[in-house]
Amino acid sequence: MKTNQKKAWFFLAPTIIFVTLFSIYPILRAFGMSFQSGSLIDLRWTGFSNYQYIFKDPEFWLAIKNTVLYAIISVPVGLAISIMLAWIIFDKVKHKSFFETTFFMPYVTSTIAIGIVFRYIFNGDYGMLNFVLRCLHLHAPDWIDDPAMSLTTIIIFGIWSSLAFNIVILMGALRNIDPNFYTIADMFGASGRDKFWRITMPELVPTITFLLTMNVIGAFKIYTSVYALFNGQAGVGNSGTTAVFYIYNKFQIVGTPGVAMAATVVLFLIILFATFLQRKMMKKIGEY
Amino acid sequence: MDNNKFVEVKNLRKVYDNGHEAIKNVSFSVKKGDLVCLLGPSGCGKTTILNILAGLLNPTEGDILFNGKSVVKVAPKDRHIGYVFQNYALYPHMTVLQNVMFPLIVGANKKSKAEAKKIATKYMELTQITELADQKPGNLSGGQQQRVAIARALVQEPQILLMDEPLSNLDARLRLKIREEIRSLVKSVGITTLFVTHDQEEALSIGDKIILFNDGVIQQDDLGQNFYLEPNNYFVANFVGNPVIDNFKITKTANELKSSQFTINLADLEQSRFKREIPDGEYILSVRPENIVPDPEGLFETKVDDIELIGRERILKFTFDNQQVRSLINLETPIKRGDQIKLKMRFNRVFLFTPEGERVY
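The rules behind the values
Residues numbered from 1 in each chain as written. Chains lettered and ligands numbered in written order. Predicted model: local features only at pLDDT ≥ 70, side-chain atom pairs only at ≥ 80, totals over all residues. Helix = DSSP H or I, 4+ residues; strand = E, 2+ residues; numbered from the N terminus. Contact = placed C-beta atoms within 7 Å. Buried ≥ 20, exposed ≤ 12 C-beta atoms within 10 Å, placed from the backbone. Pairing = 2+ DSSP bridges. Axes fitted to C-alpha atoms, helices over the stretch in contact; angles between N-to-C directions. Parallel < 35°, antiparallel > 145°, perpendicular 65-115°, else oblique. Left-handed = near helix turned anticlockwise from the far one by under 90°. Nonpolar A, V, L, I, M, F, W, Y, C, P; charged D, E, K, R; others polar. Domains from an automatic or database assignment. Core = buried A, V, L, I, M, F, W, Y, C linked by C-beta atoms within 7 Å. pLDDT = per-residue confidence, 0-100. Arc of directions from axis to C-beta.

K.L.:
Just give me the short version of the overall build of chain B, but keep the residues and values in it.
P.N.:
Counting secondary structure elements, chain B contains eight helices and 21 strands. Reported as C-alpha extents along the three principal axes, the dimensions of chain B are approximately 75 × 45 × 35 Å. Expressed as a percentage of contacts within chain B between residues at least 6 apart in sequence, the contacts between residues at least 24 apart total 66%.

K.L.:
Before we move on, could you go through the overall build of chain A and cite the residues and values that matter?
P.N.:
When helices and strands are tallied, chain A shows twelve helices and two strands. Mapped from its N terminus to its C terminus, chain A presents α and β elements in the order α-β-β-α-α-α-α-α-α-α-α-α-α-α. Overall, chain A is about 75 × 75 × 30 Å in size when its C-alpha atoms are taken along their principal axes. For chain A, with 288 residues in total, the buried portion stands at 30%. Look at the contacts in chain A between residues 6 or more apart in sequence, and 70% of them connect residues 24 or more apart.

K.L.:
Residue-level account of the sheet that holds strand 2 (residues 21–30) of chain B, with values.
P.N.:
All names here are of chain B. Strand order across the open sheet formed by four strands is 2-1-4-5, with antiparallel pairing between neighbours. The sheet terminates laterally at strand 2 and strand 5 (69–70), the two strands that pair on one side only. Across five bridges, strand 1 (residues 7–15) lies against strand 4 (residues 61–66) in antiparallel orientation. Residue pairing in the sheet places V9 in a bridge with I64 of strand 4.

K.L.:
Just give me the short version of the packing of helix 3 (residues 58–92) of chain A against helix 7 (residues 150–175) of chain A, but keep the residues and values in it.
P.N.:
Residue and element names in this part refer to chain A. Axis separation between helix 3 and helix 7 bottoms out at 7 Å; the angle between their running directions is 40 degrees. Here helix 3 lies oblique to helix 7, going by the angle between them. As helix 3 runs across helix 7, the sense of the crossing is right-handed. Its residues placed into classes, the contact of helix 3 with helix 7 shows 20 nonpolar, seven polar and no charged.

K.L.:
Break down unusual backbone geometry for me, with residues and values.
P.N.:
Following N242 of chain B, the chain continues to P243 of chain B via a peptide bond in cis, the omega torsion being 0 degrees. In this structure, N238 of chain A takes a positive phi of about 60 degrees despite not being glycine. Turning to its location among the elements, N238 of chain A is positioned in the loop between helix 10 (224–229) and helix 11 (243–253). What makes N238 of chain A partly exposed here is the crowd of 18 C-beta atoms within 10 Å. Positioned with a positive phi, Y88 of chain B is a non-glycine residue whose angle comes to about 70 degrees. Along the chain, the position of Y88 of chain B falls in the loop between strand 6 (81–84) and helix 2 (96–101). C-beta crowding within 10 Å serves as the criterion here: with 23 such atoms nearby, Y88 of chain B is assigned to the buried category.

K.L.:
Tell me about the domain arrangement of chain B, residues and numbers included.
P.N.:
Residue and element names in this part refer to chain B. Under the domain assignment, chain B is made up of domain 1 (3–239) and domain 2 (246–353). Listed as interface residues are four residues of domain 1 and, on the opposing side, four residues of domain 2. The class makeup of the residues in the side of domain 1 that touches domain 2 is three nonpolar, one polar and no charged.

K.L.:
I'd like a rundown of the nonpolar core, residues and numbers included.
P.N.:
Core analysis: the largest hydrophobic core is formed by 92 residues, its most contacted members being L38, V100, A120, A151 and L162 of chain B. With six residues, helix 4 (residues 142–154) of chain B is the largest single contributor of residues to this core. The residues contacting L38 of chain B, other than those within four sequence positions of it, are K46, I49, L50, L194, F195, V196, I211 and F213 of chain B. Judged by nonpolar contacts, the second largest core, of 54 residues, contains F60, I64, V216 and M261 of chain A.

K.L.:
How would you sum up the interface of chain A and chain B? Please name residues and give values.
P.N.:
Opposite the 19 residues of chain A that make contact, chain B presents 20 residues. Mapped onto the side of chain A that touches chain B, the elements with two or more residues apiece are helix 8 (179–187) and helix 9 (192–220) of chain A. By residue number, the principal contributor to the side of chain A that touches chain B is helix 8 of chain A, which donates seven residues. Looking at the side of chain A that touches chain B residue by residue, the class counts come to nine nonpolar, five polar and five charged.

K.L.:
I'd like to hear about the environment of G40 of chain B, residue by residue, with values.
P.N.:
Residue and element names in this part refer to chain B. Tracing the backbone through its elements, the reader meets G40 in the loop between strand 3 (35–39) and helix 1 (46–54). Through-space distance from the C-alpha of G40 to that of Q219 is 9.3 Å; in sequence the pair is 179 residues apart. Excluding anything up to four places from it in sequence, G40 contacts K46, H198, L212, F213 and N214.

K.L.:
Can you lay out the packing of helix 3 of chain A against helix 9 of chain A for me, pointing to particular residues and giving the numbers?
P.N.:
Residues and elements named next belong to chain A. Axis separation between helix 3 and helix 9 bottoms out at 10 Å; the angle between their running directions is 145 degrees. Where helix 3 crosses over helix 9, the two elements pack in a sense that is right-handed. Contacts from T67, Y70, A71, S74, V75, G78, L79 and W87 in helix 3 reach F196, T200, I208, L211, L212, N215, V216, A219 and F220 in helix 9. Here the contact of helix 3 with helix 9 is built from residues that sort into twelve nonpolar, five polar and no charged.

K.L.:
Now, about the sheet that holds strand 10 (residues 217–222) of chain B: what can you tell me, with residues and values included?
P.N.:
Residues and elements named next belong to chain B. An order of 6-7-8-3-9-10 is seen for the six strands of this open sheet, with the pairing classed as mixed. The strands lining the two open edges of the sheet, one partner per strand, are strand 6 and strand 10. Strand-to-strand, the axes of this sheet are offset by a mean angle of 15 degrees, without reference to chain direction. Examined bridge by bridge, strand 7 (residues 160–164) and strand 8 (residues 192–197) share five bridges and lie parallel to one another. By the bridge assignment, I160 is partnered in strand 8 with T192. Sheet strands touched by helix 4: strand 6 and strand 7. Its angle to strand 6, the strand with the most contacts, is close to 165 degrees.

K.L.:
Explain the confidence of the model for chain B to me, and be specific about the residues and the numbers.
P.N.:
For chain B, per-residue confidence averages 90 on the pLDDT scale, and residues scoring 70 or more make up 100% of the total. Interface scoring of the predicted complex returns ipTM 0.79; its pTM is 0.79.

K.L.:
An account of the pairing of strand 8 of chain B is requested, with residue identities and associated values reported.
P.N.:
Residues and elements named next belong to chain B. By the criterion of burial, strand 8 is predominantly enclosed, with six of the six residues buried. Of the two faces of strand 8, the one lined by T192, L194 and V196 and the one lined by T193, F195 and T197 are each fully buried. Relative to strand 8, strand 3 runs parallel, the two being bridged by five bridges. In the strand pairing of strand 8, L39 is matched with T197.

K.L.:
Kindly report on helix 8 of chain A, identifying the contributing residues and their values.
P.N.:
Of all the residues in helix 8 of chain A, the buried ones are I184, A185 and M187 of chain A. Buried residues of helix 8 of chain A, viewed axially, fall in a sector of 155 degrees; they line one side. Looking at the buried residues of helix 8 of chain A, the elements they touch are helix 9 of chain A together with helix 1 and strand 6 of chain B. Backbone geometry just downstream of helix 8 of chain A places G189 of chain A in the positive-phi region, at approximately 85 degrees.

Next up, the structure:
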């Protein structure tokens, strides 16, 4: 038993070293740095001053507000659209694999590249989106250059880019449902609605829980899409700034790593809380 | 309304898209309230027939009548059938009660929750699963899941119950118990039941009658004991019976049946059992192991290769024409492995088949 345990440590060592070095240490270091001020080579312990600073900083509050809004709008809407599309492809479409591949493409394409394409689509003057809106005689806003529209644009982009991963995972889950469940429901005379709400949705709950967790965490860490959409800025006049944008800005541009780390710790706590909350919620909805 | 033809299948034929002819001109009928077993080796078409009856598959040709009315063009949900799948297909996210209630709370004729619960409770009492009401299927044993599936199939009060190998997921001992339960249950409900199985013992024990299929053709449609006593052909004789029947190659001459080791005088056979005049030539003589027994006056002598004990009886094994032959004897008979013994056949119990499998005696 003893020797066995020694051996176990040996085999675990590579993982332990890597996890400690690249996950645990950075977390602890970030936590420590949030109580320090000065540049990276000259850090001093200054207590809660960084936290006092960010809580007084209106830009921080805007970043948090944008991030939270983004998460609570784009995640449920994106997931709902994903479920709908996955169900349609699964139920009605022939050549599923072709569509699945098509839908998965955005996931393997660089967000920066997609962002650049979307800059054209969203362009207020010659963009495709506004062309369509004008054809339908609808209001055509300035998606990129109007500060009031920044968050909306980011959310639309976020929803679109979340579809790929979600649909592929949901298709897998749909495929795992025993087809006899539907055969027998048909025999009992169940309608399409009955089948969707009483069989498909409950069977998808574990998958939806997983996707919700992944999507929420991803949403709180939003950065690249903002960067790509607004050409390296956080929208006009920082109107589309997000938590990670704020952190990056304070760390790299302003050069106050302590402030950045304080914001990181706050973001970490928010994600932890959000994940915990939705776990509880999904548990109530029902697991096996 | 003809109660003897409650379910009637007429000249049914099914060719799958890949060209495989699963069913070739099958006709049979089922009496109201009967429990009929569709028996056959895998790939014989029995499940295809069940699925056609259920409306899950369309027949290529032929007609199906339930209670005198053709249902070929009727949707599965309007056929008044209950169906139990081999793997039960219980909804894992629902409790037992919710599973049993499911057929009552969906579709166009849905009932109120309270009414559905009342009916579901009645059938759960009948299948003895009332105390499992709040459990999820994942926590139930195979036998319990089986009962839930049956209760769910019965709540819509169908006229016909279709079961596709419902016992194949259970262990041997439970299978014996559940098959008796199924029989007494369907009899107490009085529902006409078609039961697909590949297990002859299962079919013999619970079926009011058995329809034996092979290669998409009915081999015999009869009462259980007749498969044993009066098999229609060589396939039936060899499919039904445990241990399996012994077969001897013989040549018929003017007044004798000759094998490599024995000769039977045709006059010793019961003349009334001949189905027709048979010409001289090659035939197969088949005899059930209990009808070929040790006797000092025996027909031929052989060495006991091996002895297998099966409860009350023992199977003696011999080699004849390089094939194994068995004799079923009483446990007490003092015969040992390696003994040289003489064997006798009961001539009024043997069968004679042509090489094509047609029974002639």
